[in-house]
Amino acid sequence: MRKPIIAGNWKLHKTVKESIDLVTLLKRQVSEFGQAEIIICPVYTALASVAEVLLGSEIQLGAQDLYWEEKGAFTGQVSAPLVKEAGASFVIIGHSERRQFFHDTDETVNKKIKAALKWDLTPIVCVGELLAEREANKTMQVVEKQVKGAFEGLSREDLQKLTVAYEPVWAIGTGKVATPEQAQEMHAFIRKQIYKLFGSDTAEGLRILYGGSVKPDNIVGLMQKPDIDGALVGGASLEAQAFTDIIRGAVLARTVPSSAKGR
Ligand code: PEP
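Residues numbered from 1 in each chain as written. Predicted model: local features only at pLDDT ≥ 70, side-chain atom pairs only at ≥ 80, totals over all residues. Heavy atoms only, no water.

1. What to know about unusual backbone geometry
- Positioned with a positive phi, His103 is a non-glycine residue whose angle comes to about 60 degrees.
- Its place among the elements puts His103 in the loop between α4 (96–101) and α5 (106–118).
- Residue classification places His103 among the exposed positions, given a relative accessible area of 64%. (Helix = DSSP H or I, 4+ residues; strand = E, 2+ residues; numbered from the N terminus. Buried < 20%, exposed > 50% of the residue type's maximum accessible area, 1.4 Å probe, protein only.)

Here it is, written out as structure tokens:
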């Protein structure tokens, strides 16, 4: 049984003070949800302060990106050891906004994953197709290429340390969520690619999160699908009540007997 993960991507939102306020609230509200792993990913400048607030809490901390070199003449970049020093244990890699606006490619995603693993950070590796690619029936082709590129040169042991997020780009921040059936189809497809590349144990153990307009009212349907192991949440993670309701929904969905779950 794969333990669900609910991760909040705060993107470029919230000052240090606002981040501390939100995490203080969350810490109080989510203490009852031991059956899910909860991760929040604030902006770099809030990481260290939020890490302090999270001491002794079940909530884990992630960064939203990193640079693969450890140090040097790379103005504006933040490396894996620095992210780690700030208190993060997870890092989002290859988010579609990084691919779209900051030129992340499958090759740089691969370098970032390797740097994260070297520093014992758990990568949350994002893949997903554009609307035009889905409409052109290229979804699987695109995602297969992203998966192969991201995991080039990695071992089974490496794969066991990371998480994948399937995030159809057309569903991110648009309010247009993939149906549970659309998401399940792609999660099963990704798991099959991992099976082909790394074998059945790795594929079965891999947690694959769905991301794209997840809200309290759609999480249960998504989480009832057998290959959906959690969610990467953007907008709805910025508000304590909505994020808590999503975690509650995810946990609830997992308590439904598996015979009642549709594929
Ligand atoms: C995201 O940022 O990864 C995301 C899925 O955003 P939203 O939930 O707002 O669509």
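2. What about the packing of aromatic side chains?
- The final tally for this structure, using the stated rule, is 4 aromatic pairs.
- Between Tyr67 and Trp68, the ring centres sit 4.4 Å apart and the planes meet at 35 degrees, which makes this aromatic pair tilted.
- Judged by centre distance (5.1 Å) and plane angle (50 degrees), the ring pair of Tyr67 and Phe74 falls under tilted.
- For Tyr67, a relative accessible area of 14% translates into the label buried.
- For Phe74, a relative accessible area of 32% gives the class partly exposed.
- An aromatic cluster of at least three residues, connected via ring pairs, comprises Tyr67, Trp68 and Phe74. (Phe/Tyr/Trp six-rings, centres within 6.5 Å; stacked < 30°, edge-to-face > 60°.)

3. Let's talk about the packing of α5 against helix α7 (residues 139–150)
- Two elements in contact, α5 and α7, have axes separated by 8 Å at closest approach and are oriented at 40 degrees. One finds that α5 runs oblique with respect to α7. For the pair α5 and α7, the crossing hand works out as right-handed. Here α5 contributes Asp106, Val109, Asn110 and Ile113 to the contact with α7, which in turn contributes Lys145, Gln146, Gly149 and Ala150. (Axes fitted to C-alpha atoms, helices over the stretch in contact; angles between N-to-C directions. Parallel < 35°, antiparallel > 145°, perpendicular 65-115°, else oblique. Left-handed = near helix turned anticlockwise from the far one by under 90°. Contact = heavy atoms within 4.5 Å.)

4. Some details on helix α2 (residues 47–54)
- Turning to α2, its buried residues number three or more, namely Leu47, Val50, Ala51, Val53 and Leu54. Projection of α2 onto a plane perpendicular to its axis shows the buried side chains occupying an angular sector of 160 degrees, all on one side.
- Next to the buried residues of α2 lie α1 (16–29), β2 (37–41) and β3 (60–63).
- Just beyond α2, the residue with positive phi is Gly56, at close to 80 degrees. (Arc of directions from axis to C-beta.)

5. As for the packing of α1 against helix α12 (residues 240–255)
- Packing of α1 against α12 leaves a shortest axis separation of 10 Å and a crossing angle of 35 degrees. Note that α1 runs across α12; the crossing there is right-handed. In contact with Leu22, Leu25, Leu26 and Gln29 of α1, α12 contributes Ala240, Gln241, Phe243 and Thr244.
- Each residue belonging to the contact of α1 with α12 can be placed in one class, and the counts come to 5 nonpolar, 3 polar and no charged. (Nonpolar A, V, L, I, M, F, W, Y, C, P; charged D, E, K, R; others polar.)

6. Things to note about the site of the ligand
- Near the ligand there are 14 residues, and of these Lys11, Glu167, Gly173, Ser213 and Gly234 occur at the shortest range.
- Within the side chain of Glu167, an N or O atom sits 2.7 Å from an oxygen atom of the ligand.
- At 2.8 Å, a backbone N or O of Gly234 approaches an oxygen atom of the ligand.
- For the ligand, whose free accessible area comes to 290 Å², the fraction covered by protein is 97%. (Near = heavy atom within 4 Å. Polar contact = N/O pair within 3.5 Å; in protein donor to acceptor, adjacent residues only side chain to side chain. Areas by Shrake-Rupley, 256 points an atom, 1.4 Å probe, with all protein chains shown as cover.)

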